[in-house]
Amino acid sequence: MIKDEDKINELNKKYFSKEKDEVNIMNDLGNCTRRIIYVLTVEEIMRIAECLYEPNKIITDEVSSSNGKVSRQTTFTYSDPCNFETLYYAYSMLVDSMMLELRKLFYCKKDANSAGTFISELANLNNLRQLNELHKSKFALFGYSTGFIHKNDIRRGYTQFKGKRIELKNCSIDRNFFIGNDNEHFTLYYDAYSGRAARLAKEFYRQNYFDDTGKRMPNIADIKEYERYYFHKDKWDNNKRWKISTEVEEVQGLPFNHSIYTNLCSTNINNVFKQLEKLVRIMDLYYRSCVSFVFSRGMNIYCNVYGSLPKMVLDICDSFSIKKPKGFHNQIASTIYEKIPNTIDAMMLAK
């Protein structure tokens, strides 16, 4: 039986392990982020290629007459100077890869080492802040005794620790902070983030891991929907993948039946990104208060060797021999940051 005071240590070992042979949720987040950046970048490159894509380009339209009869000959050809069709298939594979990584990250079952399970555990804890205090009070920082400051201490302007009265002046209850004293060998710790992390985790868990009937789900709805249509053919409704309708299209005065395929998969990928941002926010708050005793600005996940998001996007753009407008990669980088700012910040990618 795990004692309450060891719960934080258990969570940290399970989800934030630094062991080389373990893939923790920070690694999963890094994999997801890289794939999102690739998908959103290639998506913009495809827009350029699609503008020049002409599957039914007319190259000749000849009219001739003989003995009072008129005949017409129209010749069609295929024009794809920027390889849009190839890009389309490559893009589809990138999206599948991205969704697989997101599926692993958001997965939520009891024994999984995934961010979804981490959220589930946080959501079902009684008091994360109290558990954090019990956990950290067992350790000494460089030989210092460790104590905790509470909101009531800040409001009255002082706290008692080891029989000493310690003044708390100009301490904001909106931020966490250390108060250290070399002579007395103590360090006081104020935790402003764990309570917020627990509250957001409960909300996130309730909103994303239960269906309309209250049945628990192993993943968020949009990822489950994508998984059903793209990875599990046996789960299609009525064995159908597309809704097909037909329209008559007139080309050079001649009627052609034109089939329109409507994707039955209703996954909203932008909504997945929004849920990712919420997830990263919870991970960040927990990380600030419970993982690292020495305060940092939050999660620090290096994205390969890239120092900035524009640099990463530029390298992807340079992989495709398509003429692009000036500043194209910077515009894409800005668009990506607008979609997933918390995630990019966690990856330590400069904007």
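My aim in this report is to walk through the structure given alongside it, one point at a time. Everything quoted here is computed from the prediction, not taken from an experiment.

Now for the overall build of the protein chain. Helices and strands together make up the secondary structure of the protein chain, namely twelve helices and nine strands. Of all 351 residues assigned to the protein chain, the portion counted as buried reaches 41%. For the protein chain, long-range pairs separated by at least 24 residues make up 64% of all intrachain contacts whose partners lie at least 6 apart in sequence. If you sum the accessible surface of the protein chain, you get close to 20600 Å²; carbon and sulfur atoms cover 47% of it.

If you check which residues of helix H1 (residues 7-15) are buried, you get Lys7, Ile8, Leu11, Asn12 and Tyr15. The buried residues of H1 occupy an angular sector of 135° when projected down its axis, which confines them to one face. Those residues of H1 that are buried are in contact with helix H2 (25-51), helix H4 (115-123), helix H5 (128-136) and helix H9 (269-291).

What follows covers the pairing of strand E3 (residues 145-149). Judged by how many residues are buried, E3 sits mostly within the fold: four of five residues are covered. In terms of strand pairing, E3 meets strand E7 (residues 186-190) through five bridges, oriented parallel. Counted as the bridge partner of Gly147 is Leu188 from E7.

Let us look at the nonpolar core. Note that soluble globular proteins tend to have their nonpolar side chains buried in a common cluster. Core analysis: the largest hydrophobic core is formed by 73 residues, its most contacted members being Leu102, Phe106 and Tyr286. Beyond its immediate stretch of four places on either side in the chain, Leu102 contacts Cys32, Ile36, Ile223, Val272 and Leu276.

Bringing the pattern of salt bridges into the picture now. Enumeration over the complete set of coordinates arrives at 16 salt bridges. When the shortest N-O distance is used, the salt bridge between Arg281 and Asp284 registers 3.9 Å. Separated by three residues within a single helix, Arg281 and Asp284 lie in helix H9, roughly one turn from each other. Through salt bridges with shared partners, a single ionic network connects Lys7, Glu10, Lys14 and Glu121.

Turning next to the side chain of Thr117. Structurally, Thr117 is set in helix H4. Among the polar contacts made by the side chain of Thr117, one reaches the main-chain carbonyl oxygen of Lys109 at a distance of 2.8 Å. Every residue in contact with Thr117, bar those within four places of it in the chain, is listed here: Lys14, Tyr15, Tyr107, Cys108, Lys109, Lys110 and Ala112.

With their axes 8 Å apart at the nearest point, H5 and helix H7 (residues 194-208) run at an angle of 140° to one another. Classed by the angle they form, the pair H5 and H7 counts as oblique. In terms of crossing hand, the pair formed by H5 and H7 is right-handed. Across the interface between the two elements, Leu128, Arg129 and Asn132 of H5 pack against Ser194, Gly195, Ala197 and Ala198 of H7. For the contact of H5 with H7, the residue count by class is three nonpolar, three polar and one charged.

Across the two faces of strand E4 (residues 158-161) the burial differs, with Thr159 and Phe161 buried and Tyr158 and Gln160 not buried at all. Looking at chain direction, E4 and strand E5 (residues 164-167) are connected through four bridges and run antiparallel. In the sheet register, Tyr158 faces E5, and the bridge partner there is Glu167. Following E4, the chain reverses through two residues before pairing antiparallel with E5; Lys162 in that reversal takes a positive phi of roughly 55°.

Right, let's get into the sheet that holds E3. If you walk across this open sheet you meet the three strands as E3-E7-E6, and the pairing is mixed. One side of each edge strand has no neighbouring strand; the edge strands of this open sheet are E3 and strand E6 (177-181). Strand-to-strand twist in this sheet, taken as the mean axis angle between neighbours without regard to direction, amounts to 20°. Packing against the sheet, H5 makes contact with E3 and E7, and its axis sits at approximately 160° to E3.

About the thresholds
In every chain, residue numbers begin from 1 and rise along the written sequence. Side-chain atom pairs in this predicted model are given and counted only at pLDDT of 80 or more, local residue features only at pLDDT of at least 70, and totals for whole chains, interfaces and linings cover all residues. Hydrogens are left out, water is left out, and the side-chain values use all remaining heavy atoms of the structure. Runs of H or I in DSSP of at least four residues are treated as helices and runs of E of at least two as strands, each being numbered from the N terminus. Only protein chains enter the accessibility calculation, which uses a 1.4 Å probe. A residue is then buried if its area is under 20% of the maximum for its type, exposed if over 50%, and partly exposed in between. It only takes one pair of heavy atoms within 4.5 Å for two residues to be counted as in contact. Here the Shrake-Rupley method, with its probe set to 1.4 Å, supplies the accessible areas, and only the displayed protein chains count as covering residues. By arc we mean the arc of the directions from the helix axis to the C-beta atoms, nothing more. A pair of strands counts as paired when DSSP detects no fewer than two bridges linking them. Here the nonpolar core consists of buried residues drawn from Ala, Val, Leu, Ile, Met, Phe, Trp, Tyr and Cys, with membership extended through side-chain atoms lying within 4.5 Å. Any carboxyl oxygen of Asp or Glu within 4 Å of a side-chain nitrogen of Lys or Arg constitutes a salt bridge here. Under the rule applied, a polar contact is a pair of N or O atoms within 3.5 Å (in protein, one hydrogen donor and one hydrogen acceptor; residues adjacent in sequence only if both atoms are side-chain atoms). Angles here are taken between N-to-C directions and fall from 0 to 180 degrees, while the axes themselves are lines fitted to C-alpha atoms, restricted in helices to the stretch in contact. Roughly parallel covers angles under 35 degrees, roughly antiparallel covers those over 145, roughly perpendicular covers 65 to 115, and oblique covers all other angles. Helix crossings get a hand from a simple test, with the near helix turned counterclockwise from the far one by less than a right angle marking a left-handed crossing and a clockwise turn marking a right-handed one. Under the scheme applied here, ten amino acids are nonpolar (Ala, Val, Leu, Ile, Met, Phe, Trp, Tyr, Cys and Pro), four are charged (Asp, Glu, Lys and Arg), and all others, including Gly, are polar.

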